[in-house]
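# Commentary on secondary and tertiary structure
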Amino acid sequence: MRTFLILIQLLFIVYYAYVCFVFYKLYENSCNCKKLEGFKETWNYKYVSVMSTLFLLFNLYHFINVCRASQVGGKNEGLYYQTLMIVSLGYAASFVNDYALLDLFGTMEKKNCPCQTKHRDQLTKTTYVKLGANVLFYLHFMGTLDKKMFDDLLKKIKKHQKSRS
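From a predicted model like this one, the values you see are computed outputs, not experimental measurements.

### Section: the nonpolar core
- Residues Phe23, Leu26, Leu36, Leu101, Phe105 and Met108 are the most contacted members of the largest nonpolar core, which totals 30 residues.
- Where this core is concerned, the elements lending two or more residues are α1 (2-28), α2 (34-39), α3 (43-68) and α4 (79-110).
- For this core, the element with the highest residue contribution is α1, accounting for ten residues.
- Among residues more than four places away in sequence, those in contact with Leu36 are Leu26, Asn29, Met108, Cys113 and Cys115.

Structural data, given as C-alpha cells:
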C-alpha cells in the first residue's frame, strides 16, 4: 500500500510540474501571439499559475513525508471535523484548478490561439484523468473516514509515540 501511495504521489508531482512547465512556456509567449497576452490577464491563467505551483510544493512536501513515514500527533479536540474540512477545501481548490485550466484551454482553442497546442492537448487529456482520479480518491476518503476509526487511529499514533519516547 505504501508503494502505491508513493507512486500516486509521484504522478501528482509529475502532473503539477508539467502544468508549471506549460504555463511557463505560455508566459514566455515564444510565438509572439497577441491573443495569448489577453489570456494571461484572465482569472483562469492567474489561478492555475499560482495554485499549480502551490500544489506542486505541497505534493513535494507530502512526498518527502510519505517517504520518511513521519507522523505527528496532537490534540484530539475537533480534529476529525478539522481534517474533513481541510481535505474538502484542498480537493475543492484542486477541482477549481482543473476547471480553470480546462476552461482556459477551451477558450484558447475556440479563439484559435496557436501557442503550445501540443502541450495544451496533452495537459487537457491528463487533466481529465487526474480529475477522475481526484473524484474517486475524494469519494473513497469521505466514505471510509468515520469518527470512531479516526479516534482509534489517533490513539494508536499517540501510543506509538509514547513507546518511542
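From this point, things continue past the structure.
### Regarding the state of the cysteines
- One pass over the structure, following the stated rule, counts one disulfide.
- With its sulfur 2.1 Å from that of its partner, Cys31 forms a disulfide with Cys115. In this structure the cystine formed by Cys31 and Cys115 twists about its S-S bond by roughly 50 degrees; its chirality is therefore right-handed. With Cys31 in the loop between α1 and α2 and Cys115 in the loop between α4 and α5 (117-144), the pair connects residues that are 84 residues apart, well separated along the chain.

### A few points about the packing of aromatic side chains
- One pass over the structure, following the stated rule, counts ten aromatic pairs.
- Their ring planes at 35 degrees and their centres at 6.1 Å tell us that Tyr91 and Phe95 sit as a pair that is tilted. Residue Tyr91 and its partner Phe95 are located together in helix α4, separated by four residues, close to a single helical turn.
- Through a chain of ring-to-ring contacts, three or more aromatic side chains come together here, namely Tyr15, Tyr16 and Phe55.
- Sitting above the plane of the Tyr27 ring, Lys40 keeps its charged end 5.0 Å from the centroid.

### Quick look at unusual backbone geometry
- For Asn29, which is not glycine, the phi torsion reads 50 degrees and is therefore positive.
- Of note, Asn29 is situated in the loop between α1 and α2.
- For Asn29, a relative accessible area of 7% corresponds to the buried category.
- Phi angles above zero are rare outside glycine, and Asn112 is one such case at about 55 degrees.
- Within the element layout of this structure, Asn112 appears in the loop between α4 and α5.

### Focus on the confidence of the model for the chain
- Per-chain confidence: the chain averages 83 in pLDDT, with 85% of residues scoring 70 or above.
- Ranking the elements of the chain by mean pLDDT puts helix α6 (residues 147-164) last with 73 and α5 first with 89.

### Regarding α5
- Compared with the 40 Å implied by 1.5 Å per residue over 28 residues, the 40 Å span of α5 between its first and last C-alpha is a close match.
- Residues of α5 that are buried: Arg120, Leu123, Thr127, Lys130 and Asn134.

Rules behind the numbers
Residues numbered from 1 in each chain as written. Predicted model: local features only at pLDDT ≥ 70, side-chain atom pairs only at ≥ 80, totals over all residues. Heavy atoms only, no water. Core = buried A, V, L, I, M, F, W, Y, C linked by side-chain atoms within 4.5 Å. Buried < 20%, exposed > 50% of the residue type's maximum accessible area, 1.4 Å probe, protein only. Helix = DSSP H or I, 4+ residues; strand = E, 2+ residues; numbered from the N terminus. Contact = heavy atoms within 4.5 Å. Disulfide = S-S within 2.5 Å. Phe/Tyr/Trp six-rings, centres within 6.5 Å; stacked < 30°, edge-to-face > 60°. Lys NZ or Arg CZ within 6 Å of the ring centre and 35° of its normal. pLDDT = per-residue confidence, 0-100. Expected span 1.5 Å × (residues − 1).

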